[in-house]
Amino acid sequence: MVILFQGLIQLDKQQALVITKTQAEAMLPVVKRNSSKGELTAGDQQRIIAMLTTEQKKFVIEYRDRILTRMRVMMEKKEPEGLTAEERERMVQEFQKKRRLEHEAGDPDMVPRDAPESGPTLVPNADQRRANNVEQRLIRLLEGKLAVPPE
């Protein structure tokens, strides 16, 4: 869910690929429903992708593939012998956090405001907070498109 939602946010930054008001109207209920559930079903993922133009679909698929390739490369570089499943998961989460922060660095609205910089944090809660941040950013983006008067 996070990668798709990040891809949609990045897509909208491309002048020739912006999400239209009509697409936002169709996507918003699906995104909100999945945001409240905390997971994106395969069917809803396909519905969201089906709402995109051919060029938009190509962008989102290429974005997903780039992220997954980077994650695989990082895991291959960092995976020492005898790594436990928990250690591997922690490394993946750290990588995802680093990538998100790199992508978000240019936009002050993209940086999580509620994420503490220090103090004990449980990894699942931190991951959930980051995921919710991406979901909320996409919801705000789509709602903003609905608030714009028709062209």
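Counting from 1, residues in each chain are numbered in the order their sequence is written. For a predicted model such as this one, the threshold for reporting local features is a pLDDT of at least 70, and the threshold for listing and counting side-chain atom pairs is 80 or more; totals across whole chains, interfaces and linings nevertheless cover every residue. The side-chain figures draw on all heavy atoms in the structure; neither hydrogens nor water molecules are used.

S.K.: How should the overall build of the protein be read in this particular structure?
M.R.: Of the regular secondary structure elements, the protein holds six helices and zero strands. A run of DSSP states H or I qualifies as a helix once it reaches four residues; a run of E qualifies as a strand once it reaches two. Both are numbered from the N-terminal end. Taken from N to C terminus, the helices and strands of the protein fall in the order α-α-α-α-α-α. For the protein, contacts bridging at least 24 residues in sequence account for 72% of all contacts bridging at least 6. If you sum the accessible surface of the protein, you get close to 9400 Å²; carbon and sulfur atoms cover 53% of it. Only heavy atoms matter for contacts: two residues are in contact if any of them lie within 4.5 Å across the pair. Under the convention used here, a 1.4 Å probe and the Shrake-Rupley method define accessible areas, while residue burial counts only the protein chains that appear.

S.K.: How do you make sense of the pattern of salt bridges when you look at a structure like this?
M.R.: Salt bridge, as used here: a side-chain nitrogen of Lys or Arg that lies within 4 Å of a carboxyl oxygen of Asp or Glu. This model, assessed by the stated rule, comprises six salt bridges. Residue D65 is joined to R64 by a salt bridge in which the shortest nitrogen-to-oxygen separation is 3.1 Å. Type-normalised accessible area, obtained with a 1.4 Å probe on protein chains alone, sets the label of each residue: buried when under 20%, exposed when over 50%, and partly exposed for intermediate values. The exposure class assigned to R64 is partly exposed, which follows from its relative accessible area of 31%. When salt bridges with common partners are traced through the structure, they connect R33, D44 and R47 into a single cluster.

S.K.: I tried to follow the environment of M1 on my own but got confused; where do I start?
M.R.: Checked against the element boundaries, M1 lands in the segment before α1 (2–12). With a relative accessible area of 24%, M1 lands in the partly exposed category. Once the C-alpha coordinates of M1 and N34 are considered, the two residues, 33 residues apart in sequence, prove to be 8.6 Å apart.

S.K.: Is there a simple way to explain the side chain of D44 in this structure?
M.R.: By secondary structure assignment, the location of D44 is in helix α3 (residues 42–50). Classification of D44 as buried rests on a relative accessible area of 2%. Not counting residues within four places of it along the chain, the set of residues in contact with D44 comprises V30, R33 and N34.

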